[in-house]
Amino acid sequence: MTDIPAATQRSRVRVPLRFGDGYSVDSELVTFHGLADGQEHVAVVLGDPAPGTVPLVRLHSECLTGDVFGSARCDCGPQLREAVERIAERGGVLLYLRQEGRGIGLYNKLDAYALQDQGLDTYAANTALGLPEDDRDYTAAAQMLRSLGIGSLDLLSNNPDKAGQLRDLGIDVQDRVPTGVFTTAHNVRYLRAKVLQTQHTLPLGELTELSVG
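Report on the accompanying structure. (Residues numbered from 1 in each chain as written. Predicted model: local features only at pLDDT ≥ 70, side-chain atom pairs only at ≥ 80, totals over all residues. Heavy atoms only, no water.)

### With respect to the pairing of strand β2 (residues 24–33)
1) Next: Pairing of strand β1 (residues 8–18) with β2, which is carried by ten bridges, proceeds in the antiparallel orientation. Paired with Thr8 across the strands is His33, a residue of β2.
2) Next: The turn joining β1 and β2, which pair antiparallel and follow one another in sequence, is formed by five residues; a positive phi near 100° is taken by Gly22. (Pairing = 2+ DSSP bridges. Helix = DSSP H or I, 4+ residues; strand = E, 2+ residues; numbered from the N terminus.)

Right under this line is the structure:
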């Protein structure tokens, strides 16, 4: 699976980032030609890794409701905010991937929310709609990393599938670094399902207590 087509950089542009809590940082946004899925994914380059170290990288799937509107039904917005600062401090890249709803799209994600309100978890809701539990493929992410000259990295993620796919695609994931745990009254069941269904590295005991309480 390592023999994937090469992508090329299309443009690089400096973009200062500003967040609602006052945090700010300079970044460089990189676009690409030749990505396998034809989507407009963007690399956000932050900071400079120290000599002899590998960059810190996060694959962040687009979440309009969480990233833009601050939805409390997921932890995507807080993860994005945390990732930008941690990567900027160490040096690395955030790949912003256009994979809304674990790849099923915005409208389907909202339909799945309606089913979750009836008692299904996030994965069962996708299945009930006749959709995959997780339809994300990280071939384009591997192409982006190679185009940026990154063949070895530490991955900022709680999701073992991301690391596994990147390794299968020929990227050397040296370490998987967990993100923080961002719970709300509205996302505890969602986070617990991540642990039970897809082995995310989150504290199951703590999430169980919160969901019961």
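The rest of the description comes next.
### Thoughts on the pairing of strand β7 (residues 172–177)
For a regular strand, the rule is simple: side chains alternate between the two faces of the sheet.
1) Next: Two strands pair when backbone bridges link them, and strand β6 (residues 152–156) and β7 are joined in this way by five bridges, in the parallel orientation. Its bridge partner lying in β7, Asp154 is registered against Asp175.

### Examining the pattern of salt bridges
1) Next: Evaluation of the coordinates by the stated rule reveals ten salt bridges.
2) Next: Across the salt bridge formed by Arg98 and Glu62, the nearest N and O atoms sit 2.8 Å from each other. Here Glu62 lies in the loop between β4 (56–61) and α1 (64–68) and Arg98 lies in the loop between β5 (92–97) and α3 (106–116), a separation of 36 residues in the sequence.
3) Next: The exposure class assigned to Arg98 is partly exposed, which follows from its relative accessible area of 35%.
4) Next: Where Asp117 meets Arg73, a salt bridge forms, and the shortest distance between an N and an O atom there is 3.1 Å. On the criterion of sequence distance, the pair formed by Asp117 in the loop between α3 and α4 (122–128) and Arg73 in the loop between α1 and α2 (76–90) is long-range, its members being 44 residues apart.
5) Next: The exposure class assigned to Arg73 is partly exposed, which follows from its relative accessible area of 25%. (Salt bridge = Lys/Arg side-chain N within 4 Å of Asp/Glu carboxyl O. Buried < 20%, exposed > 50% of the residue type's maximum accessible area, 1.4 Å probe, protein only.)

### Some details on the nonpolar core
1) Next: The biggest cluster of nonpolar side chains holds 27 residues, and the ones touching the most others in it are Ala43, Leu59, Leu95, Leu145, Leu153, Leu155 and Leu166.
2) Next: Looking at this core, the elements with two or more residues in it are β2, β3 (42–46), β4, β5, α5 (139–147), β6 and α6 (160–168).
3) Next: Here this core takes five residues from α5, the largest share from any one element.
4) Next: Setting aside its immediate chain neighbours within four residues, Leu145 contacts Val57, Leu95, Ile150, Leu153, Leu166 and Ile171. (Core = buried A, V, L, I, M, F, W, Y, C linked by side-chain atoms within 4.5 Å. Contact = heavy atoms within 4.5 Å.)

### Details of the environment of Leu95
1) Next: Mapped onto the elements of the fold, Leu95 is located in strand β5.
2) Next: Counting along the chain gives 38 residues from Leu95 to Val57, while the straight-line C-alpha distance between them is 7.5 Å.
3) Next: When residues no more than four places from it in sequence are discounted, the contact partners of Leu95 are Val42, Ala43, Arg58, Leu59, His60, Ala141, Met144 and Leu145.

### Overview of α2
1) Next: Between its first and last C-alpha, α2 extends 21 Å over 15 residues, near the 21 Å set by a 1.5 Å rise per residue.
2) Next: Cys76, Gly77, Gln79, Leu80, Arg81, Glu82, Ala83, Val84, Ile87 and Ala88 are the residues of α2 that are buried.
3) Next: Positive backbone phi, approximately 100°, marks Gly91, located one or two places after α2. (Expected span 1.5 Å × (residues − 1).)

The values are spatial; any link to function lies outside them.
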